[in-house]
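Coordinates in review
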Amino acid sequence: MIWRERLQAIKARCLPLDMALAEAHRHISLVSGISVLFLGLFLTVMGCMWIKMDADQEAALYFDRYADKMQAGVAQRFTRVLGNFQALRAYFHADQGAVGRDAFRIWVASRHHLDDVGAIRGIGFIQRTGRADLAAFIEAERLDAAPGFTVHSTGHEADLFVIKYIEPLAGNEAAWGYDIGAEAIRREAAERAVRSGREALSGRITLVQDGQKRPGFLYLLPVFKWASKVDTPEDRSRNLIGLVYSPIVVQEFLADIGDALDKQLDLSVYDGDDLAHDQQLFGLGLSNDQARFESIKRMEVGGHSLTLLMRSTPEFEQRFHAQAVWWFALIGCLLSMALSVTVWLLLVGRARAESLAQTMTADLSQAKQRAELALRDNTTLLDTLNRFNLMSVADARGFIIEVNDAFCLVTGYSRAELIGQGHKVLNSGKHTDAFWAEMWQSIAQGEPWSGDVCDRTRDGSLLWLKTTIVPLKDAQGRIEKYLSIRTDITSAKRNEHELQDMAERYQLAIDGGSDGLWDWRDVRADKMWWSPQLYRMLGYGPDEFPAGRDVFAHFLHPDHHAAVFEAIESALKKERSEERRVG
């Protein structure tokens with residue numbers, strides 16, 4: 001609006017020159033302005049495309065890094081479980097396979113493995129036994145401090161894979177004594193571990209101890225007799241002691257997997273290579289199918305295939321949202337329009353340059369005169385303040401950094417004694433801590449403060465100052481220093497105290513005297529003041545009833561009533577006559 005009004009003013013001043021412009025020159029000016037506009041818009045579009053492409057490449061790079069980190073985090077959890085399995089297998093080897101129930105429980109508790117490997121349900125030991133030997137196996141376990149031990153099996157295979165130990169037992173009671181060989185998926189994993197001699201992850205199962213029936217796995221590692229031959233599957237089956245294992249509920253195992261990446265990625269885990277919904281084992285639920293970035297990674301854990309589907313979350317996409325594109329587009333369009341208008345104005349204004357320069361010179365001259373006048377006014381004001389006021393400047397911590405001559409003269413301190421000191425050097429001790437706290441609270445919030453302050457000069461004299469403190473802020477709005485302007489009101493304070501003392505003495509004289517006094521404060525209204533002695537002379541207590549004209553007339557003797565009011569009226573007439581004469 002301002003530049004438009006300015007342009008119209010310039011056109012009005014230069015109207016004769018405008019009329020002299022040729023039609024061809026105006027046409028060239030218009031075409032040039034439009035050409036510059038389209039060129040600027042074209043460059044803006046190209047720049048937006050480049051910024052968008054660069055932002056997408058950066059986001060894709062970060063997404064790939066996060067996806068790799070997410071996959072490594074999942075693999076690491078299985079690796080940590082496997083590390084504990086290997087340590088436990090070494091414990092079995094050290095005891096030649098004779099690890100009792102109590103020893104197993106103590107080993108698990110002492111190593112704190114459940115805290116180390118995340119949310120697994122526990123660590124257990126599975127022993128293979130023949131169905132013909134089942135009764136003897138159960139009896140041996142009951143004698144080993146487990147009188148309630150029993151085997152739960154629904155299969156008919158010749159051998160059973162029975163969960164002999166499981167720690168902690170709390171929450172895993174349903175799995176204790178369970179024959180995993182009675183179920184096809186569990187048996188396949190156990191037999192695969194024995195045949196291969198390596199760790200094995202079962203297919204998708206539901207743990208018998210999980211009341212919520214969520215997807216889970218068994219993770220197993222075979223334990224063989226120490227120094228036995230394990231070259232072939234037959235050797236490994238013959239020399240098997242048992243299998244160390246952990247029951248895993250996938251939702252518990254991976255519940256906090258996204259926290260390490262601040263929920264930048266969503267993770268879904270599928271059983272096998274199929275991404276069908278019914279094959280999904282786990283999902284963080286942080287994104288949807290419209291995510292910008294997606295990565296599918298397959299990993300082998302214990303001979304079993306898992307598929308990780310990772311997608312960018314709204315937090316990730318917001319973080320890499322190419323906001324710069326819209327700002328660049330807006331600024332580019334504005335600059336293109338401004339540049340095109342500028343080119344048009346330059347071409348049209350070439351003929352008006354001299355007149356415009358003269359006008360601007362006159363305007364600048366007037367502005368200079370106004371600035372010089374304002375500078376003189378400010379200088380005069382500052383000189384006046386410096387001459388008749390005590391002025392000081394303190395930093396944000398309250399330490400004095402500048403004082404004027406009047407400050408030094410009145411307080412008796414030199415400038416060198418004051419610089420770097422706090423205003424406490426002048427503290428007279430006449431004000432309470434609450435007084436200073438209220439002052440600091442006001443100025444610390446950027447609000448000016450004004451009040452009467454009693455300071456003490458260098459020679460110990462009391463000095464009353466009418467003080468105004470103004471916080472001065474820097475360009476960021478932070479308080480940089482405090483300007484204090486003080487006026488010496490010591491004489492006024494002294495007079496005030498003297499008047500107060502006189503009033504107190506006058507009140508004492510009235511209260512202690514034997515004369516009864518009355519004062520008709522406003523003759524135009526029924527308002528009077530009676531001294532306490534007058535109330536007592538009349539037989540009443542002070543202020544027992546309100547004083548007034550009617551009450552005053554009531555207490556007058558009838559013979560004196562007319563004379564008293566005539567005297568009052570005469571005094572009033574004399575006072576009015578004196579007022580008219582003086583006026």
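In this report, we go over the structure that sits alongside the text. (Residues numbered from 1 in each chain as written. Predicted model: local features only at pLDDT ≥ 70, side-chain atom pairs only at ≥ 80, totals over all residues. Heavy atoms only, no water.)

1. Thoughts on the overall build of the chain
The line we're drawing: Elements are defined by DSSP. Helices are runs of H or I of four residues or more, strands are runs of E of two residues or more, and each kind is numbered from the N terminus. Only protein chains enter the calculation, and the probe is 1.4 Å; a residue is then buried if its accessible area is under 20% of its type maximum, exposed if over 50%, and partly exposed in between. Contacts are residue-level and defined by heavy atoms, with any inter-residue pair within 4.5 Å sufficient.
Broken down by element type, the chain carries 19 helices and 17 strands. Counting all 583 residues of the chain, 37% fall into the buried class. In the chain, of all internal contacts separated by at least 6 residues, the share reaching a separation of at least 24 is 57%.

2. Describing the side chain of Thr-411
In plain terms, the rule: Contacts described as polar in this section are N or O atom pairs within 3.5 Å, which, within protein, must combine one atom able to donate a hydrogen with one able to accept it, while residues neighboring in sequence count only if both atoms come from side chains.
By the secondary structure assignment, Thr-411 is in helix α13 (residues 405-411). Here Thr-411 falls in the buried class, since its relative accessible area comes to 2%. Polar contacts involving the side chain of Thr-411 include one to the main-chain amide nitrogen of Tyr-413, which spans 3.4 Å.

3. What about the layout of surface pockets?
For the record, the criterion: A cavity here means a set of points on a 1 Å grid, drawn over the protein atoms and nothing else, where a 1.4 Å probe fits but cannot get out; a pocket is an open set with protein on both sides within 12 Å along at least five of seven lines, and a residue lines either one if it has an atom within 4 Å of a point. Grid points are joined across faces, edges and corners, and a volume is the space filled by probe spheres set on the points.
The computed volume of the largest pocket comes to approximately 420 Å³. Along the wall of the largest pocket there are 20 residues; nearest its centre are His-423, Lys-424, Trp-436, Met-439 and Trp-440. Elements with a minimum of two residues in the lining of the largest pocket: α15 (433-444), β13 (449-456), β14 (462-473) and β15 (479-488). For the lining of the largest pocket, the leading source of residues is α15, giving 4 residues.

4. Examining the side chain of Asp-271
To keep it simple, the criterion reads: His is not counted, nor are the chain ends, whereas Lys and Arg count as positive and Asp and Glu as negative. One speaks of a salt bridge when a side-chain nitrogen belonging to Lys or Arg is within 4 Å of a carboxyl oxygen belonging to Asp or Glu.
Its place among the elements puts Asp-271 in strand β7 (residues 265-271). With no salt bridge to any partner, buried Asp-271 finds its closest opposite charge in Arg-204, at an N-O distance of 6.0 Å. A distance of 2.4 Å separates a polar atom in the side chain of Asp-271 from a polar atom in the side chain of His-304.

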